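# Coordinates in review
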Amino acid sequence: MDYDFTEEQELLKNSAKGFLSKECQPLFVREMEEDAKGITPELWQKMAELGWMGLMFPEECGGIAGSYLDLMVLLIEMGYSCLPGPFMSTVVLGGTTIMEAASEDKKQELLTGIAEGKIFVTLALVEEGASYSAERIALKAEQSNGDFLLNGTKLFVPDAHLANYIICVARTKDGENKKDGITLFLVDAKSEGVEIASLSTFAADKLSEIVFNKVKVSKENILGELNKGWPIMEKVLQQAAIAKCAEMIGGGQRALELVIEQVTEREQFGQKVGSFQAVQHHCANILTYLETSKLMTYEAAWRISEGLSCEREVAMTKAWVSDSCRSLLALAHQSVGGTGFMEEHDLQLYFRRVKAAGVYFGDSDCHREALAEAMGL
Amino acid sequence: MNFEFTKEELALREELREFMKKESTPEMLKETEDMGDIYGGPEGRKIIKKLAAKGWLTPTWPEEYGGIGASEVASYMIREEMGYHGLPFGFIGAHMAGPTIIRFGNEEMKKEWLPRIASGEVEMALGYTEPQAGSDLVALNLRAEDKGDHFLLNGNKLFNTSCHIADCHWLACRTDFEAKKHKGISMMIVDLDSPGITISPMVTMAGWQTNEVVYEDVRVPKDRLVGEKNKGFYYLMAALDFERMFPLGRYRRIFDEIVEFTKETIVDGKPLSKDPLIRQKLAQQAIEIEATMLLYYQLAHILDKGGIPNYQSSMEKTFATETAQRISNLGMDILGLYGQLKEDSKWAKVKGKVEKYYRTSVVETIYAGTSEIQRNIIAQRGLMLPR
């Protein structure tokens, strides 16, 4: 057993930390919350130059062929800094789907574009049912003269406002088995009939509703095979869920630091607040939530990296990290006190994000149910 | 990173499981449960001596003292497996006294005691707690007067589990009555059948026994002093850093049995395990077990790297024992009215075991450092908060 990062991963972590501490300060985070785009081209380009977008892509597609664990290291730091922008949508959702499903030509074109910071991709999966399960995919794609016509509405689509391409998860066959009959379409975001409307969200995630109104997509733009898109989505969602966990533990780490800053400075009753056992026990619980979340995330990410079965671990981890990091933030607010309730204090940034993160790619209840299934219950 | 056992560790686990399957007897399993998982009863001694002969009781010790040069991960795995399969897993000699003797004892003491501990021949009882010294251990007061060629001991110990079945007392006592509290403590090994020792049973709500031990003019030879005089508290603390851990195996086993129960129990034509609420609760418990195992093997990993676990052992102990209580409570909740039935009832479910675990689990968050003490340690040593 080995619980440690490799030397290279330590380097990656430190360079990401250094870069983000300069380029992504809390003031910038707040600006981007208000900004329509939610990212600046300058920052995105710098990230591309550091090789972050192509971290996991093959070298022939402009990537550096890193592992999923490497990506996790990076995502932790992104979560730590509340990095705004479409990294999760373009790289983790879009990039992974393309890597898993696209033809060699398309991989070459799209992954290279993503790695260079020139192409944005998002994944339109969730619908009104607000669930990541195959049963809730209803948006129809019907064959018509050799092409497909997409009709329906997708919700909670991340960063669609920036996207050049939308991977639309559509139903092409409706039978007993809902996991069968799902197809992934690569849709040019400028296609006729695509209407994107932004949703206003409490954690400032840039989410959209996308209405597909008779959007024509040629069969060349199917990613993977007709009707066989769901197994790919399952894989992508596993990776996305753990990616979200990595962001959450990064955020949890920062929240803990904000707590320690406050309780080692502030005095009440003539003593540092952090010397009171009631506060110390909150802090101990925070650290326990954080460390267990880290270990669970590392283990799941390691299994993904190694290509091992990871159904159980992903379900366990997403459920545990979502709940624990939320509890962690609640204790953090309690420990920091009134100061932390102020908008100008950074804790609130994390408090909002962690709650939103908890429901992305399956909330704890749904992952516990998935685990129950995997346990043979 | 890597979260899997090595091939060697997996092979060892297989061999160990085979051994336990072959050697476990109903009498040993019952004795272990009745005694609260400690070592020293006649049935336990039979099987543990055989297990120790393979080097599995003290696998990480130097070979000359009975080890097999195994990794700490392997050693932690063995203890976890022993707990899971109903063997005694609470050893004072092998897990607390022995490592301290290895680190701080002189050559003679090593030669005399380590092989006998490693072979399972000698078991010790922990002699720390006193009526006025629980969480505040430095308040311990059992007096050991230096009489030239021996120490003369007088005082009381309380909650000293194992004393009624162990051979020796691994005793913390006061040898300097003027010095600052933590600077006047020494560690000694005392034969429990020495004249002047009276052991009185204290029966716990879990049914098993712990003890009050009274020392009246007990003579202890000088060669029973561990390391240097008055350095005992330092040894004791160092031992805790190295050895504080809680294998969840016993509770992991009862959890698995509860899971099986829900699969086999039909309610309204459907297995109980199909009930959405039950599924949520069992899944949550499985998650907490996984987190415990990660914390547990992290300690072994730190040791294997040559480090010393610090606040991490407090975290593991607290998380594991609180998980143990939740497992037991969940089991009782799932069994409902049946949960209260004892093992001799014909209607008892899961062999009537759950209520025993429910009772026993109460003390897990209290002994070996309460959860509150552990949280202080996590905050003060893990986060450097002021004392």
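Keep in mind that this is a model prediction, so the values were computed, not measured. (Residues numbered from 1 in each chain as written. Chains lettered and ligands numbered in written order. Predicted model: local features only at pLDDT ≥ 70, side-chain atom pairs only at ≥ 80, totals over all residues.)

All right, on to the overall build of chain B then. Looking only at helices and strands, chain B has twelve helices and ten strands in total. Relative to the 2.2 N^0.38 estimate, which gives 21 Å for 387 residues, the radius of gyration of chain B is 21 Å and therefore close to what a compact globule would have. Projected onto its principal axes, the C-alpha positions of chain B cover 75 × 50 × 45 Å. Split into buried and exposed, the 387 residues of chain B put 49% on the buried side. Taking the intrachain contacts of chain B between residues at least 6 apart in sequence as the baseline, contacts between residues at least 24 apart amount to 69%. (Helix = DSSP H or I, 4+ residues; strand = E, 2+ residues; numbered from the N terminus. Rg over C-alpha atoms; globule rule 2.2 N^0.38 Å. Buried ≥ 20, exposed ≤ 12 C-beta atoms within 10 Å, placed from the backbone. Contact = placed C-beta atoms within 7 Å.)

Moving on, we come to the overall build of chain A. Scanning chain A for helices and strands turns up twelve helices and ten strands. Taking the principal axes of the C-alpha coordinates as reference, chain A spans close to 80 × 50 × 40 Å. Considering chain A as a whole, with its 377 residues, one finds that 53% of them fall into the buried category. Pairs at least 24 apart in sequence give 74% of the contacts found in chain A among residues at least 6 apart.

Counting residues at the interface gives 35 residues for chain A and 32 residues for chain B. Class assignment of the residues belonging to the side of chain A that touches chain B gives a composition of 19 nonpolar, eight polar and eight charged. (Nonpolar A, V, L, I, M, F, W, Y, C, P; charged D, E, K, R; others polar.)

A few words on the nonpolar core. Residues A:Cys168, A:Phe185 and B:Met188 are the most contacted members of the largest nonpolar core, which totals 240 residues. Among the elements that make up this core, the one with the highest residue count is helix 7 (residues 230–265) of chain A (19 residues). Dropping the residues within four chain positions of it, B:Met188 is found in contact with B:Ala144, B:Phe151, B:Leu171, B:Cys173, B:Val220, B:Arg224, B:Leu225 and B:Val226. (Core = buried A, V, L, I, M, F, W, Y, C linked by C-beta atoms within 7 Å.)

All names here are of chain A. Pairing of strand 3 (residues 147–158) with strand 7 (residues 207–218), which is carried by nine bridges, proceeds in the antiparallel orientation. Bridge pairing in strand 7 links Asp-147 to Ser-218. In the sheet, strand 6 (residues 194–199) pairs with strand 7 via six bridges, with the strands oriented antiparallel. Across the sheet, Glu-195 pairs through a bridge with Val-211, a residue of strand 7. (Pairing = 2+ DSSP bridges.)

What follows is about the packing of helix 8 (residues 277–306) of chain A against helix 9 (residues 311–336) of chain A. All names here are of chain A. Between helix 8 and helix 9, whose axes approach to 9 Å, the crossing angle comes to 155°. Between helix 8 and helix 9, the interaxial angle falls into the category roughly antiparallel. Here helix 8 and helix 9 pass one another in a crossing that is left-handed. (Axes fitted to C-alpha atoms, helices over the stretch in contact; angles between N-to-C directions. Parallel < 35°, antiparallel > 145°, perpendicular 65-115°, else oblique. Left-handed = near helix turned anticlockwise from the far one by under 90°.)

Another aspect to go through is the domain arrangement of chain A. All names here are of chain A. Annotation of chain A at the domain level lists domain 1 (7–119), domain 2 (122–228) and domain 3 (231–374). Mapped by element, the contributors of at least two residues to the side of domain 1 that touches domain 3 are helix 2 (26–34), helix 4 (68–80) and helix 5 (87–101). Per element, the largest residue contribution to the side of domain 1 that touches domain 3 is nine residues, and it comes from helix 4. A class-by-class count of the residues in the side of domain 1 that touches domain 3 yields 14 nonpolar, four polar and two charged. (Domains from an automatic or database assignment.)

This paragraph deals with unusual backbone geometry. In this model, A:Lys214 sits at a positive phi of 50°, which is unusual for a non-glycine residue. Mapped onto the secondary structure, A:Lys214 falls in strand 7. A positive phi angle, near 50°, is found at B:Asp268, a position not held by glycine. For B:Asp268, the location among the structural elements is in the loop between strand 9 (266–267) and strand 10 (270–271). Assessed through the 7 C-beta atoms surrounding it within 10 Å, B:Asp268 is described here as exposed.

As a further point, take the pairing of strand 4 (residues 168–174) of chain B. All names here are of chain B. In terms of burial, strand 4 is largely enclosed, as seven of its seven residues are buried. Judged by which residues are buried, strand 4 turns out to be covered on both faces: Cys-168, Trp-170, Ala-172 and Arg-174 on one side and His-169, Leu-171 and Cys-173 on the other are all buried. The pairing of strand 1 (residues 124–127) with strand 4 spans four bridges and is classified as parallel. Each residue of the ladder has a partner; that of Ala-125, found in strand 4, is His-169. Of the pairings in the sheet, the one linking strand 4 to strand 5 (residues 185–191) comprises seven bridges and is antiparallel in character. Residue Ala-172 lies in a different strand from strand 5, and its bridge partner there is Met-187.

Turning our eyes to something else, we now look at the environment of A:Ala240. All names here are of chain A. Tracing the backbone shows Ala-240 in helix 7. Assessed through the 25 C-beta atoms surrounding it within 10 Å, Ala-240 is described here as buried. Along the sequence, Ala-240 and Val-263 sit 23 residues apart, while their C-alpha atoms lie 35 Å from each other. Contact partners of Ala-240, with chain neighbours within four places excluded, come to Val-92, Leu-93 and Phe-361.

When the parts of a complex come together, some accessible area is lost, and that lost area is often taken as the interface size. All names here are of chain B. Taken domain by domain, chain B consists of domain 1 (7–90), domain 2 (125–231) and domain 3 (244–382). Taken together, the contacts link 15 residues of domain 1 with 13 residues of domain 3. In terms of residue count, helix 4 (residues 72–84) provides more of the side of domain 1 that touches domain 3 than any other element does, ten residues in total. Looking at the side of domain 1 that touches domain 3, its residues break down into five nonpolar, four polar and six charged.

Let us look at the packing of helix 10 (residues 311–335) of chain B against helix 12 (residues 371–382) of chain B. All names here are of chain B. It is at 8 Å that the axes of helix 10 and helix 12 come closest, and there the two elements cross at 145°. Helix 12 is crossed by helix 10, and the crossing has left-handed handedness. Contacts between helix 10 and helix 12 pair Tyr-311, Ser-314, Met-315, Lys-317, Thr-318 and Glu-322 from the former with Ser-371, Gln-374, Arg-375, Ile-377, Ile-378, Arg-381 and Gly-382 from the latter. Within the contact of helix 10 with helix 12, the residues separate by chemical class into four nonpolar, five polar and four charged.

Below, the discussion takes up the confidence of the model for chain B. With 100% of its residues at a pLDDT of 70 or more, chain B has an overall mean of 96. Scoring of the predicted complex yields 0.97 for pTM and 0.96 for ipTM. (pLDDT = per-residue confidence, 0-100.)

To continue, consider the environment of A:Leu93. Residue and element names in this part refer to chain A. As for its placement among the helices and strands, Leu-93 is situated in helix 5. Its 28 C-beta neighbours within 10 Å are what place Leu-93 among the buried residues. The spatial distance from the C-alpha of Leu-93 to the C-alpha of Gly-152 is 21 Å, given a sequence separation of 59 residues. With residues up to four places along the chain from it excluded, the contact list for Leu-93 reads Met-88, Thr-122, Leu-123, Val-236 and Ala-240.

The next subject is helix 6 (residues 107–118) of chain B. Residue and element names in this part refer to chain B. Compared with the 16 Å implied by 1.5 Å per residue over twelve residues, the 16 Å span of helix 6 between its first and last C-alpha is a close match. Where helix 6 is concerned, the buried positions are Trp-113, Leu-114, Ile-117 and Ala-118. For helix 6, the angular spread of buried residues about the axis comes to 120°, placing them on one side. Residue Gly-120 follows helix 6 closely and has a positive phi angle near 80°. (Expected span 1.5 Å × (residues − 1). Arc of directions from axis to C-beta.)

For the α-helix, the turn length of 3.6 residues means that residues three or four positions removed from each other point alike. With 25 residues, helix 10 of chain B should cover 36 Å at 1.5 Å per step; its first-to-last C-alpha distance of 36 Å lies within 8% of that length. Within helix 10 of chain B, 18 of the 25 residues are buried, which leaves it mostly tucked inside the rest of the structure.

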